[in-house]
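Chain and residue survey
Spelled out, the chains give:
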Amino acid sequence: MTNLGSRIEEQLPAEMVNLMQTAGGIAAEQGGSLYLVGGVVRDLLLEKANLDLDLVVEGNAIELAKRLAGTKPARLTTHPHFNTAKLEWEKWGVDFATARSESYARAGALPTVEPNSIEKDLFRRDFTINAMAVCLSPERYGELIDRYGGQDDLEDRLIRILHEKSFIDDATRIWRGLRYEQRLGFQLEEGTLRLLKRDIPMLDTISGDRIRYELECIFQEEEPEKVLSRAEELGVLVRLHPEMKGNGWLADRFQAARKQAAPGLPSFGLYLALLSYRLGEEESEQLISYLRLPGPAARVVRDSIALKSSLRTLSYPELKRSRVYHIIHGYAQSAITANSLAVGSPIARQHLEIFLHELRYVKPTLNGNDLIEMGFPPCPQIKEVLKLLHNARLDGRVNSKADEEELVKEWLGEEQL
Ligand code: ATP
């Protein structure tokens, strides 16, 4: 029997190991058993860093987390309805859940859950490699629980579901499967692949919110384009939108977006704007409502499609900088970045970049009060004058407060003529 006790100590920070050992002891005192489960167990076996600790107790997760919260200055959040808790302190966080089984009243519905054994809890999980646990109770500390062949599948580099109806119960697993396959460089196991293809239509049973969440997870990956390209190959991508494409063009743009955002990651909005870039206006609206995109992300998608229609104008080399400003001004920043990454014309790209790095910061120094003090009558036209002044700044006709004052005096002189 595999024991991961020493690997836990090697790979996880002492702070976490101590907490898990204390928690295992308290769970035992409360008459239950505690397990480390899911992705972190997979990553322990793969020797990959993962600090997302998910603990499952055969017993009562909230009681256990409350007892632990008494042992250190930590913040405790509980969800009595789900019988789960979260403990956070300093930079650490641990999730506690009560071992449970799930049953699905209908495809895609949220499951009905009831407390159960760790075996049943593991059986409700998505893939064998995510369905392993390590016992943390003192007398069985480190023992690997692998009822469904997860360790073998890790060795064979396979993504395998646990039962025939898995994708029907929860079609988000289709996206999850592609994500793990591409992240780990594994393959979907033959039977799993066949069932995945068969159950693609079940994606229609999933709410837009849940699909959006899957996309968010994909965009957190190192190379989301691999997942999207695989999704295209298998006919999954078109379920987002029938006109959606995930081919080489997209991969190049995603890579460029990452280069630009480094050391951070491109935002959800930017990735999504690139993914939806080749859709028309109406099609992008369909995507927005299907994914129930929140305001800011919807704006980025909308703006990026709208700005696309100005690219022809932006590709004229002799455009004045003030004109460039007024064409681009008002669009969401990620929409402008998406266009600059996507556009073919180098001149249009240059204009977009000049806007992003320079023009959007240009402002006249004088304000309305200054103009009045200089002799302009306080009237609505002052706004127009300020706009002219702004344009003069943008076009480099004035470069300092003194220049601006001189120009304003000229205008005042003309008024009096
Ligand atoms: P990641 O490395 O991407 O964070 P993870 O394995 O920790 O992966 P989470 O999404 O945090 O994934 O989920 C934690 C665990 O819960 C998974 O390992 C899996 O066992 C289970 N799980 C999550 N989503 C599902 C699902 N849709 N169906 C079945 N089991 C799931």
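Given the structure is predicted, the values throughout are model-derived calculations rather than measurements.

Secondary structure assignment for the protein chain yields 22 helices and 11 strands. Whereas a compact globule of 417 residues would reach a radius of gyration of roughly 22 Å, the protein chain reaches 29 Å, over 25% beyond that. Seen through its C-alpha atoms, the protein chain measures out along the principal axes to roughly 95 × 50 × 40 Å. Buried residues in the protein chain amount to 50% of all 417 residues.

Next up on the list: the site of the ligand. In the region of the ligand, 15 residues are neighbours, and R42, D170, R173, Y180 and R183 sit closest. At 3.0 Å from an oxygen atom of the ligand is found a side-chain nitrogen or oxygen belonging to R125. Separating a nitrogen atom of the ligand from a side-chain N or O atom of D170 is a distance of 2.9 Å. Contact with the protein chains hides 77% of the accessible area of the ligand, taken as 590 Å² for the molecule alone. Where the shell around the ligand is concerned, the elements lending two or more residues are α3 (39-46) and α8 (172-184). Top element by residues in the shell around the ligand is α8. It accounts for 6 residues.

Under the criterion given, the structure shown has 34 salt bridges. Between E221 and R183 there is a salt bridge, with the nearest N and O atoms lying 3.0 Å from each other. Pair noted here: E221 is in the loop between α10 (208-219) and α11 (224-234) and R183 is in helix α8, with a separation of 38 residues, a long-range link. Among the residues examined, E221 registers a relative accessible area of 8% and is labelled buried. For R183, a relative accessible area of 34% gives the class partly exposed. A salt bridge links R299 to D303, with the nearest nitrogen and oxygen atoms 3.3 Å apart. Taken together, the residues span about one helical turn, with R299 and D303 both in helix α15 (residues 295-308) at a distance of 4 residues. Residue classification places R299 among the partly exposed positions, given a relative accessible area of 41%. Classification of D303 by relative accessible area gives buried; the value is 11%. Taken together, the shared-partner salt bridges connect R100, E102, D121, R124 and R125 into one network.

What follows covers the side chain of T128. Mapped onto the fold, T128 is located in the loop between α5 (118-123) and β8 (133-135). We classify T128 as buried; its relative accessible area is 2%. What T128 contacts, discounting residues up to four positions off in sequence, is Y148, G149, G150, D153, R160, I161 and L162.

Looking now at the sheet that holds β8. Strand order in the open sheet formed by 7 strands is β3-β4-β5-β2-β1-β8-β9, with mixed pairing between adjacent strands. Strands at the two margins of the open sheet, each flanked by one partner only, are β3 (75-79) and β9 (144-145). Helix-sheet contacts for α3 involve β1 (33-37), β2 (53-58), β8 and β9, and the interaxial angle to β1 is about 65°. Against the sheet, helix α4 (residues 61-69) contacts β1, β2, β3, β4 (84-89) and β5 (92-98), and its axis sits at roughly 20° relative to β4.

One can find P201 in the loop between α9 (190-198) and α10. A relative accessible area of 41% means that P201 is categorised as partly exposed. Taking the C-alpha atoms as reference, P201 lies 8.2 Å from R239; in sequence the two are 38 residues apart.

Time to look at the packing of helix α17 (residues 321-328) against helix α21 (residues 382-394). It is at 7 Å that the axes of α17 and α21 come closest, and there the two elements cross at 115°. Of α21, the residues touching α17 (which contributes R321, S322, Y325 and H326) are K387, H390, N391 and L394.

Partitioning the protein chain into structural domains gives domain 1 (1-150), domain 2 (298-361) and domain 3 (368-416). Taking only C-alpha atoms, the centre of domain 1 and the centre of domain 2 are 49 Å apart.

What follows concerns α17. Restricting attention to buried positions, one finds in α17 the residues S322, V324, Y325, I327 and I328. The inward-facing, buried residues of α17 abut α16 (311-314), α18 (333-342), α19 (346-357) and α21. Note on α17: the residue one or two positions beyond its end, G330, has a positive phi of about 105°.

Judged by side-chain charge, D403, E406, E410 and E414 come together as a negatively charged surface patch. By the secondary structure assignment, E406 is in helix α22 (residues 401-416). Owing to a relative accessible area of 55%, E406 belongs among the exposed residues under this scheme.

Applying the stated criterion across every chain, the model contains 8 aromatic pairs. Taking 5.0 Å as the distance between ring centres and 40° as the angle between the ring planes, the aromatic pair formed by F219 and Y271 counts as tilted. In this pair, F219 is assigned in helix α10 and Y271 in helix α13 (residues 268-275), connecting sequence segments 52 residues apart. With relative accessibility at 3%, the residue F219 sits in the buried group. Judged by relative accessible area, which is 0%, Y271 ranks as buried. A centroid spacing of 5.7 Å and a plane angle of 40° characterise the contact between Y325 and F355, whose relative ring orientation is tilted. Of this pair, Y325 sits in helix α17 while F355 sits in helix α19, placing them 30 residues apart in sequence. According to the relative accessible area criterion, Y325 is buried, its value standing at 5%. Classification of F355 by relative accessible area gives buried; the value is 4%.

Here is what the cut-offs are and how they apply
Residues numbered from 1 in each chain as written. Predicted model: local features only at pLDDT ≥ 70, side-chain atom pairs only at ≥ 80, totals over all residues. Heavy atoms only, no water. Helix = DSSP H or I, 4+ residues; strand = E, 2+ residues; numbered from the N terminus. Rg over C-alpha atoms; globule rule 2.2 N^0.38 Å. Buried < 20%, exposed > 50% of the residue type's maximum accessible area, 1.4 Å probe, protein only. Near = heavy atom within 4 Å. Polar contact = N/O pair within 3.5 Å; in protein donor to acceptor, adjacent residues only side chain to side chain. Areas by Shrake-Rupley, 256 points an atom, 1.4 Å probe, with all protein chains shown as cover. Salt bridge = Lys/Arg side-chain N within 4 Å of Asp/Glu carboxyl O. Contact = heavy atoms within 4.5 Å. Pairing = 2+ DSSP bridges. Axes fitted to C-alpha atoms, helices over the stretch in contact; angles between N-to-C directions. Domains from an automatic or database assignment. Patch = residues over 30% accessible without salt bridge, like charges linked within 9 Å, V, L, I, M, F, W, Y side chains within 5 Å. Lys, Arg positive; Asp, Glu negative; His and termini not counted. Charge placed at Lys NZ, Arg CZ, Asp CG, Glu CD. Phe/Tyr/Trp six-rings, centres within 6.5 Å; stacked < 30°, edge-to-face > 60°.

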